[in-house]
Amino acid sequence: LAVNKATGERALLILARVPPSLRHTQPAAVIGFLSYDPGLIGPVKEAGERTGEVPGIPTMPGGRGGAVLSAKDTGGRTLSGVYTNPGSVADGMSFYGEILAADGWQIVHSASGEKNRVAFGSMILRRGREEATLLFSNRGDAVETGVFVSKVVAHR
């Protein structure tokens with residue numbers, strides 16, 4: 001995430017590794033997108049965006065959100081943000097699995113691991129025309145976990 005406070009410009013570059021089990025649904029092993037807001041017309045402020053949360057995907061209790069970026073393309077609208085939540089990657093994945101399933105989301109992918117003392121995880125969930133991707137990472141101390149959240153709402 002990059003922000004130019006003088007002009008209001010914001011940019012977010014996201015790259016994610018597609019799990020082998022889902023590669024038949026994607027054109028590449030790595031997917032990503034660039035979201036850019038030139039800051040000319042001011043920020044988009046929907047209900048959740050004012051709180052630093054992607055609408056419908058809350059931070060964990062004790063967590064905090066940040067900038068929420070919005071991008072539209074021919075396929076739909078994407079809302080993306082980065083949260084800092086208390087606890088481990090496993091704590092975060094358990095929280096989001098439970099709270100989002102209770103709100104009608106279906107988990108279509110969930111995986112986690114650790115390398116060089118860095119724990120990581122990923123979840124992909126779907127609900128109707130919506131798809132959410134959550135990427136988790138911490139430094140192995142299990143005090144806080146960073147969570148990248150991206151929600152796409154496809155056009156009808």
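Residues numbered from 1 in each chain as written. Predicted model: local features only at pLDDT ≥ 70, side-chain atom pairs only at ≥ 80, totals over all residues. Heavy atoms only, no water.

**Focus: unusual backbone geometry**
Under the convention used in this document: We count a stretch as a helix when DSSP gives it H or I for four or more residues in a row; a strand needs E for two or more, and each element gets its number in order from the N terminus.
Look at N116: it is not a glycine, yet its phi comes out positive at around 50 degrees. Structurally, N116 can be placed in the loop between β6 (106–115) and β7 (118–127). Phi is positive for R117, close to 65 degrees, though the residue is something other than glycine. Within the secondary structure, R117 is located in the loop between β6 and β7.

**Notes on the environment of V143**
Rules: With a 1.4 Å probe rolled over the protein chains alone, any residue whose accessible area is under 20% of its type maximum counts as buried; one over 50% counts as exposed, and the rest are partly exposed. The contact rule is simple, with two residues in contact once any of their heavy atoms fall within 4.5 Å.
Note that V143 resides in the loop between β8 (130–138) and β9 (144–154). For V143, a relative accessible area of 54% corresponds to the exposed category. Each C-alpha atom, one on V143 and one on G87, is 4.9 Å from the other, the two residues being 56 residues apart in sequence. Not counting chain neighbours up to four residues away, the residues in contact with V143 comprise N85, P86 and G87.

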